[in-house]
Amino acid sequence: MTTHRAPEPVTADGRPVERAVTVGLGLAVLAGLGWIAGMIYTLVEWPL
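Each chain carries its own residue numbering, running from 1 in the written order of its sequence. Where totals are concerned, whole chains, interfaces and linings use all residues; where local detail is concerned, this predicted model gives features only for residues with pLDDT of at least 70, and gives and counts side-chain atom pairs only at 80 or more. As a convention, hydrogens and water are excluded, and side-chain values are obtained from all of the structure's heavy atoms.

## Remarks on the overall build of the protein
Part 1 of the argument: Secondary structure is summarised from DSSP: a helix means a run of H or I of at least four residues, a strand means a run of E of at least two, and numbering begins at the N terminus for each. Each helix and strand counted, the protein has one helix and zero strands in total.
Part 2 of the argument: Think of it in three bands: residues with accessible area under 20% of the maximum for their type are buried, residues over 50% are exposed, and the middle band is partly exposed, with areas taken using a 1.4 Å probe on protein chains only. A total of 48 residues make up the protein; the buried ones form 0% of that total.

## Describing the UniProt feature "transmembrane region" (unreviewed entry) in the protein
Part 1 of the argument: UniProt positions are given in the numbering used here, feature names are shortened, and annotations may be inferred rather than shown by experiment. Those residues carrying the UniProt feature "transmembrane region" (unreviewed entry) are residues 20–44 in this numbering.
Part 2 of the argument: From the first C-alpha to the last, residues 20–44 spans 36 Å; its make-up is 100% helix and 0% strand.

## A look at a nonpolar patch on the surface
Part 1 of the argument: Only residues whose relative accessible area exceeds 30% and that form no salt bridge are eligible for patches; like-charged ones are grouped when within 9 Å, while nonpolar side chains (Val, Leu, Ile, Met, Phe, Trp, Tyr) are grouped when within 5 Å. Calculation of accessible area relied on Shrake-Rupley with a 1.4 Å probe; when residues are assessed, cover is drawn exclusively from the protein chains displayed. By definition, a salt bridge exists where a carboxyl oxygen of Asp or Glu is found within 4 Å of a side-chain nitrogen of Lys or Arg. A cluster of nonpolar side chains, Val-23, Leu-27, Val-29, Leu-30, Leu-33, Trp-35, Ile-36, Met-39, Ile-40 and Val-44, forms an exposed patch at the surface whose accessible area comes to about 1,000 Å².
Part 2 of the argument: With respect to the secondary-structure elements, Ile-40 resides in helix H1 (residues 11–45).

Okay, structure coming up:
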């Protein structure tokens, strides 16, 4: 007679993906802030 085992939880495998997504979003926010700062600098320094 065979035994029925419950499947292993997936949360342990899902953590690295969640961490990678969080790091990617953080880098995207930093890139966006840098772009906005560059645009403001360009507008301030633009010769009129």
